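Topology and contacts: notes
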Amino acid sequence: MTRTVYVNGEYLPETEAKISIFDRGFLFADAVYEVTSVLGGKLIDFEGHAVRLQRSLNELDMQNPCTKEELLEIHRKLVEQNNIDEGLVYLQVSRGSDGDRDFVFPPEDTPPSLVLFTQNKPGLANSAASKKGAKIISIEDVRWGRRDIKTVQLLYPSMGKMMAKKAGCDDAWMTQDGYVTEGTSNNAYYVKDGKIVTRPLSNDILHGITRKAVLRMAQEAQMKVEERLFTIDEAKDADEAFTTSASAFVMPVIEIDGVTLGDGTPGPIAKRLREIYLEESLNAAI
Ligand code: PDD
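Below you will find a few notes about this structure. (Residues numbered from 1 in each chain as written. Predicted model: local features only at pLDDT ≥ 70, side-chain atom pairs only at ≥ 80, totals over all residues. Heavy atoms only, no water.)

1. A few points about the overall build of the protein
For the protein, the count of helices and strands is 8 helices and 15 strands. Here the C-alpha coordinates of the protein stretch approximately 55 × 40 × 35 Å along the principal axes. The contacts in the protein between residues at least 6 apart in sequence include a share of 71% that link residues at least 24 apart. (Helix = DSSP H or I, 4+ residues; strand = E, 2+ residues; numbered from the N terminus. Contact = heavy atoms within 4.5 Å.)

Next comes the structure, spelled out in structure tokens:
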């Protein structure tokens, strides 16, 4: 089915959508993005994604092409026109183009480019992958130092995912100076003796919208949470582990670098947090 997508003010069939070859998102990865999940035809944590988008834009001195209300309307229209019950809305803002390639930013009045499209993912909330759990490898984190800004510089995370696939696994966790930063497209956690451990927020990781919600829900459910640096060896010695992201919610991890966690099935805390997250998010969806 041909999707309806949004490009710079227009709703178009995906086959007719166009962006300049000089767009700085294309030439310099000079663009930021957000991925918002859709459950029951409604947006999960739209507010959080809109706030983080504004922060990413501010950090890069990039203009926001829309107000929050306009963005919400575009999201909703695309979900409706593409008949999305469960899936994702991808949004990208780039610094646009003044019609040439130049390392220097174009003049400030150059309009940014705004692109949105949907991805239909029936069964996202009940995915087979979440029931099985993910196998993880660890790799060195060689990304740039501002991972708190959600830029489209995703080559290394893509390579990490491919390294994992090659090793017969599902995903990779990255380490820096011996400590886990995050997954290729998610935040990383392990659980030992009932305590959830995850890296604290800094410029080293993306400030996950799902992370924020899940940590709040964990605390409300009287679970113990410790935000501190941790090594891959600590995670391998854990009772269970999991990741969080808008695209996979809470995803149990069952193996790290060939070491099976617990009995090799999704752990009780990850499963419970997934249930709570899905239930509360659905209730609060807009
Ligand atoms: N990725 N860390 C990284 C490096 C990510 O790319 C993501 C999200 C997260 C989780 O953030 P959130 O909970 O806000 O989705 C953490 C999205 C889903 C993606 O690139 O598709």
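After that view, the rundown keeps rolling.
2. Regarding empty space enclosed by the protein
Under the criterion given, the structure shown has 1 cavity of 30 Å³ or more. Here the largest cavity defines a volume of roughly 40 Å³. As for the largest cavity, its lining consists of Glu34, Thr36, Phe46, His49, Ala50, Leu53, Leu71, His75 and Leu91. When contributions to the lining of the largest cavity are tallied by element, the ones reaching two or more residues are β3 (31–39), α2 (46–59) and α3 (68–81). Looking at which element gives the most residues to the lining of the largest cavity, the answer is α2, with 4 residues. Its residues assigned to classes, the lining of the largest cavity shows 5 nonpolar, 3 polar and 1 charged. (1 Å grid on protein atoms, 1.4 Å probe; cavity = no way out; pocket = protein on both sides within 12 Å on 5 of 7 lines; lining within 4 Å. Points joined across faces, edges and corners; volume = space filled by probe spheres on them. Nonpolar A, V, L, I, M, F, W, Y, C, P; charged D, E, K, R; others polar.)

3. So, the layout of surface pockets
Roughly 1,200 Å³ of volume is contained in the largest pocket. Forming the walls of the largest pocket are 47 residues, and the residues nearest its centre are Lys161, Thr184, Ser185, Asn186 and Ser247. No other element matches the 6 residues that helix α5 (residues 155–166) contributes to the lining of the largest pocket. Of the voids in this model, the second largest pocket is the one considered here, and its volume is about 410 Å³. Lining the second largest pocket are 20 residues; nearest its centre among them are Asp45, Gly48, Ile209, Lys212 and Ala213. Within the residue set of the lining of the second largest pocket, elements represented by two or more residues are α2, α6 (209–220) and α8 (268–284). Considering each element in turn, the lining of the second largest pocket owes the most residues, 6 residues, to α6.

4. Some remarks on the packing of α2 against α3
Any two packed helices are characterised by how steeply their axes cross, that is the angle between the axes, and by the distance between the axes. In the contact formed by α2 and α3, the axes pass within 11 Å of each other and the chain directions differ by 125 degrees. Judged by the inter-axis angle, α2 sits oblique to α3. Crossing hand, α2 versus α3: right-handed. Contacts between α2 and α3 involve Phe46, Glu47, Ala50 and Leu53 from the former and Lys68, Leu71, Leu72 and His75 from the latter. (Axes fitted to C-alpha atoms, helices over the stretch in contact; angles between N-to-C directions. Parallel < 35°, antiparallel > 145°, perpendicular 65-115°, else oblique. Left-handed = near helix turned anticlockwise from the far one by under 90°.)

5. Quick word on the site of the ligand
With respect to spatial proximity, 19 residues lie near the ligand, and among them Tyr33, Glu182, Ile209, Thr210 and Ala246 are the closest. One of the side-chain nitrogen or oxygen atoms of Glu182 is found 2.7 Å away from a nitrogen atom of the ligand. The backbone of Ser185 places a nitrogen or oxygen atom 3.4 Å from a nitrogen atom of the ligand. Mapped onto the shell around the ligand, the elements with two or more residues apiece are β3, β9 (179–183), α6 and β13 (240–245). Taken together, the residues of the shell around the ligand break down into 5 nonpolar, 10 polar and 4 charged. (Near = heavy atom within 4 Å. Polar contact = N/O pair within 3.5 Å; in protein donor to acceptor, adjacent residues only side chain to side chain.)

6. So, the packing of aromatic side chains
In this description, a pair of aromatic rings is defined by centroid distance and the angle of the planes. What the rule picks out here adds up to 8 aromatic pairs. Between the aromatic rings of Tyr90 and Phe117, the centroid separation amounts to 4.9 Å while the plane-to-plane angle is 25 degrees, which identifies the pairing as stacked. Pair noted here: Tyr90 is in strand β5 (residues 87–94) and Phe117 is in strand β6 (residues 113–120), with a separation of 27 residues, a long-range link. Take Tyr90: its relative accessible area is 14%, and that puts it in the buried class. Centre to centre, the rings of Trp173 and Phe230 are 6.4 Å apart; their planes meet at 75 degrees, and the pair counts as edge-to-face. Residue Trp173 is located in strand β8 (residues 171–176), and its partner Phe230 is located in the loop between β12 (224–227) and α7 (232–236); the two are separated by 57 residues in the primary sequence. Across the pair, Phe230 and Trp173 agree in class, each one buried. Linked through ring pairs, Tyr33, Tyr90 and Phe117 together constitute an aromatic cluster. Positioned above the aromatic ring of Tyr11 is the side chain of Lys77, whose terminal nitrogen or guanidinium carbon lies 4.4 Å from the ring centre. In this arrangement the basic side chain of Arg95 is found over the ring face of Phe105, its NZ or CZ atom lying 3.5 Å from the centre. (Phe/Tyr/Trp six-rings, centres within 6.5 Å; stacked < 30°, edge-to-face > 60°. Buried < 20%, exposed > 50% of the residue type's maximum accessible area, 1.4 Å probe, protein only. Lys NZ or Arg CZ within 6 Å of the ring centre and 35° of its normal.)

7. A few points about α6
Helical periodicity: at 3.6 residues per turn, an α-helix aligns residues three or four positions apart in one direction. Here α6 is 12 residues long and its end C-alpha atoms lie 17 Å apart, about the 16 Å a rise of 1.5 Å per residue gives. Of all the positions in α6, only Ile209, Thr210, Arg211, Ala213, Val214, Leu215, Met217 and Ala218 are classed as buried. One or two residues past the end of α6 sits Gln222, with phi positive at roughly 65 degrees. (Expected span 1.5 Å × (residues − 1).)

8. Some details on the pattern of salt bridges
All told, the structure shown has 24 salt bridges when counted by the stated rule. Two residues, Asp148 and Arg55, come together in a salt bridge whose shortest N-O distance is 2.9 Å. Within this pair, whereas Asp148 is found in the loop between β7 (134–140) and α5, its partner Arg55 is found in helix α2, the two being separated by 93 residues in sequence. Overall, the relative accessible area of 1% leaves Asp148 in the buried class. Owing to a relative accessible area of 30%, Arg55 belongs among the partly exposed residues under this scheme. The residue Lys192 makes a salt bridge to Asp237 at a minimum N-O spacing of 3.6 Å. Taken together, the positions of Lys192 in strand β10 (residues 187–192) and Asp237 in the loop between α7 and β13 put the pair 45 residues apart, joining distant regions of the chain. When salt bridges that share partners are traced, they join Arg55, Glu59, Arg146 and Asp148 into one network. (Salt bridge = Lys/Arg side-chain N within 4 Å of Asp/Glu carboxyl O.)

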